[in-house]
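Descriptive analysis of the structure
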Amino acid sequence: MKPCSIFLLILLLSSCQKVTPFETFLTTNGSTFDYVITGGTIYDGTGETPYSGDILIRADTIAYIGNIDTQLINFQQHIDASGKIITPGFIDAHAHGNPFDTPQFENFLAMGVTTICLGQDGSSPNAALPDWMEKVAKQQLGTNIAMFVGHGTLRYQAGIGYTQNPSKAQLAKQQKLLSQALASGCFGMTTGLEYTPGTFADDSELLPLAQIVGQHNGLIMSHVRNEDDSDIETSINELLRQGQYCNVQVSHMKSVYGKGAQRGKDLLEILENTSTPYTVTADVYPYTASYTGIGIVFPKWAKPPNVYQEVVRNRREELLAFLKKKIEDRNGPEATLFGTAPYAGKTLAQLAEEQNLPYEKVLLGIGPNRASGAYFIMDEALQTTIIAHPKVMICSDGSPTMRHPRGYGSFAKIIETYVQERSNLSLTEAIRKMTHLPAQTIGIERRGLLKKGYFADLLIFNPTEIKATAAYENPHQLAEGFDFIFVNGQLVRTPTRPFGSAGRLLVKKKTST
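Residues numbered from 1 in each chain as written. Predicted model: local features only at pLDDT ≥ 70, side-chain atom pairs only at ≥ 80, totals over all residues. Heavy atoms only, no water.

**A word on the environment of Gly243**
Relative to the helices and strands, Gly243 is located in the loop between helix 8 (232-242) and strand 12 (247-250). Classification of Gly243 by relative accessible area gives buried; the value is 1%. On a C-alpha basis, the gap between Gly243 and Thr276 in space is 6.7 Å, while along the polypeptide they are 33 residues apart. Those residues in contact with Gly243 that lie beyond four places of it in its chain are Val248, Thr276 and Tyr278. (Helix = DSSP H or I, 4+ residues; strand = E, 2+ residues; numbered from the N terminus. Buried < 20%, exposed > 50% of the residue type's maximum accessible area, 1.4 Å probe, protein only. Contact = heavy atoms within 4.5 Å.)

**Topic: the sheet that holds strand 16 (residues 372-376)**
The strand order 14-16-15 describes an open sheet built from 3 strands, whose pairing is antiparallel. Where the open sheet ends on each side, the last strands, each with one partner, are strand 14 (289-293) and strand 15 (336-338). The sheet shows a mean angle of 25 degrees between the axes of neighbouring strands, direction not considered. (Pairing = 2+ DSSP bridges. Axes fitted to C-alpha atoms, helices over the stretch in contact; angles between N-to-C directions.)

**Examining the sheet that holds strand 17 (residues 392-394)**
One open sheet holds the 6 strands; their spatial order is 9-10-11-12-13-17, and the pairing between them is parallel. Strands with a single pairing partner mark the edges of an open sheet, and in this sheet they are strand 9 (149-150) and strand 17. Sheet analysis places strand 13 (residues 280-284) next to strand 17, joined by 3 bridges and oriented parallel. Counted as the bridge partner of Ala282 is Val392 from strand 17.

**As for the confidence of the model for the protein**
On average, residues of the protein score 94 in pLDDT, and 96% of them reach the 70 mark or higher. Within the protein, helix 1 (residues 6-14) has the poorest average pLDDT of any element, 46, and strand 6 (residues 90-92) the best, 99. Contacts from residues 6-16, a stretch scored under 50 in pLDDT, to residues over four places away or in other chains number 7 contacts. (pLDDT = per-residue confidence, 0-100.)

**Thoughts on the environment of Val113**
Looking at where Val113 falls in the secondary structure, it is placed in strand 7 (residues 113-118). Between the C-alpha atom of Val113 and that of Glu194, which follows or precedes it by 81 residues, the distance is 28 Å. If we skip the residues at most four places from it in the chain, Val113 touches Phe90, Asp92, Phe108, Thr143 and Phe411.

**Regarding the packing of helix 6 (residues 168-183) against helix 7 (residues 203-215)**
Relative orientation of the contacting elements helix 6 and helix 7 amounts to 30 degrees, with a least axis distance of 10 Å. Considered as vectors, helix 6 and helix 7 are oriented roughly parallel to each other. Considering the relative orientation of helix 6 and helix 7, their crossing is right-handed. Contacts from Leu171, Gln174, Gln175, Leu178, Ser179 and Leu182 in helix 6 reach Ser204, Glu205, Pro208, Leu209, Ile212 and Val213 in helix 7. Among the residues forming the contact of helix 6 with helix 7, the class breakdown is 7 nonpolar, 4 polar and 1 charged. (Parallel < 35°, antiparallel > 145°, perpendicular 65-115°, else oblique. Left-handed = near helix turned anticlockwise from the far one by under 90°. Nonpolar A, V, L, I, M, F, W, Y, C, P; charged D, E, K, R; others polar.)

**Thoughts on helix 11 (residues 348-355)**
Of the positions making up helix 11, those classed as buried are Leu348, Leu351 and Ala352. Seen end-on, helix 11 carries its buried residues on one side only, within an arc spanning 100 degrees. Turned more than 90 degrees off the buried face of helix 11, the exposed positions are Glu353 and Glu354. Here the buried face of helix 11 lies against helix 10 (308-329), strand 15 and helix 12 (359-366). Once helix 11 ends, the next one or two residues include Asn356, with phi positive near 55 degrees. (Arc of directions from axis to C-beta.)

**Side note on the packing of helix 9 (residues 261-273) against helix 13 (residues 380-388)**
For the pair helix 9 and helix 13, the least separation of the axes is 7 Å and the interaxial angle reads 40 degrees. Compared by their axis directions, helix 9 and helix 13 come out oblique. Along this stretch, helix 9 crosses helix 13, giving a crossing that reads as right-handed. In contact with Ala261, Arg263, Gly264, Lys265 and Leu268 of helix 9, helix 13 contributes Ala381, Leu382, Thr385 and Ile386.

**Focus: unusual backbone geometry**
For the bond from Thr196 to Pro197, the omega torsion is 5 degrees, close enough to zero to count as cis. Phi is positive for Asn217, close to 55 degrees, though the residue is something other than glycine. Judged by its relative accessible area of 33%, Asn217 is partly exposed. A positive phi is found at Asn356, a non-glycine position, where the angle reads about 55 degrees. Looking at the element boundaries, Asn356 is found in the loop between helix 11 and helix 12.

**Remarks on the pairing of strand 5 (residues 85-88)**
As judged from the 2 bridges shared by strand 1 (residues 32-42) and strand 5, these two strands associate in the parallel manner. Opposite Thr41, over in strand 5, you have Ile85 as the bridge partner. Across 4 bridges, strand 5 lies against strand 18 (residues 458-461) in antiparallel orientation. Bridging from a neighbouring strand, Ile86 pairs with Ile460 of strand 18.

See below:
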């Protein structure tokens, strides 16, 4: 490192030699920086052709991108990125986790994720969200957090709960709470219409809420009403009706029981052909097993507000028949893998064998609220078709504690499997789908691109060395290969340094349409 004085710099600029853009930059921006990254190939997030270039970081910001003469500057640390690529930090459009329990979020950082979106599937903290967000902002966060408010939570807070049709007063209160959450910096609202209490809402409630989201230029992310192949089109169209008022996104897009690439194309055409001035997008994770509460296989009439013990007492045989048919439709008891103690790591078939009971009676004994699991119910060809679509961004739908490899491997698996092994995606397109596309869609400003003036969330790695090590039998294994990870200009991960904490609570800019 050879620092140069300002006097020498002036002499250089005044000489007869041609002045470079970098030298011109230094005359107005100074010559002292925190990090200089040289020799890498820049994938800037736009999806355009990558290029060779160097990067300067000052404080939390990308100060310069271009050819750099390190002899003209002062810097704290030099990173030689020769043989590696430089990309924006990844943005997980649909994630789970509690920033008070696991503020470090190492599982996300290790796979290159520098920003996560919380408050998913209609569920956000059942608290005054502005106050909750203020407390989160004081945590030592590993990643940035973009917050959404949950529709189901709003139902509880507005006194609607499990009511089918809220009163005018209740709806007005719900709209007010939504507006307050959006004004406090939330990026939009999520719905979980396959779950209670969201399942009790219909257009008369959802459309007025969509109008509020639209007024704040926000986004509705939706776990749609039914992901079964026979109902998925109707469910997507329900969301698209809300898309007449605001931006909408299909969460973890899938088709349960659907088969083949053509079926994937059919579903994507629904997104492409809708007529709305707002954005219509989706996110997806690269696994063929979902993960959620075991209540997903129980009928609506066996879940709250109904009392489960009374349902078992009064409709036992009907419930057993329903559970048996449901599991048969979902590829049998071998396709349900429990992730909750004391059943964790066992399939429903194994539990049935251990207990010497039919699998439907095992489920009857567990009930709809006491376990979660992975369900192997998706088709690889169909899901790959969804992954490759330009309107579909990548998510994990995972968390630090969930017993599913998607929370630790999703973004690494995109590069390792879908780019390197199968060539379903080009590397430039994969990076775009994990960076600029979510930032642009969600409304996260000055992130998702490598660009002067943007926050320095960035990664340096060799794509051939990326490994998603997490597996269903051992899901809590950190991804490998992301050598250098920056969050807000701080180097939070190197091959020899443990994870640091430089994340922030992000707030959406207060704009309205």
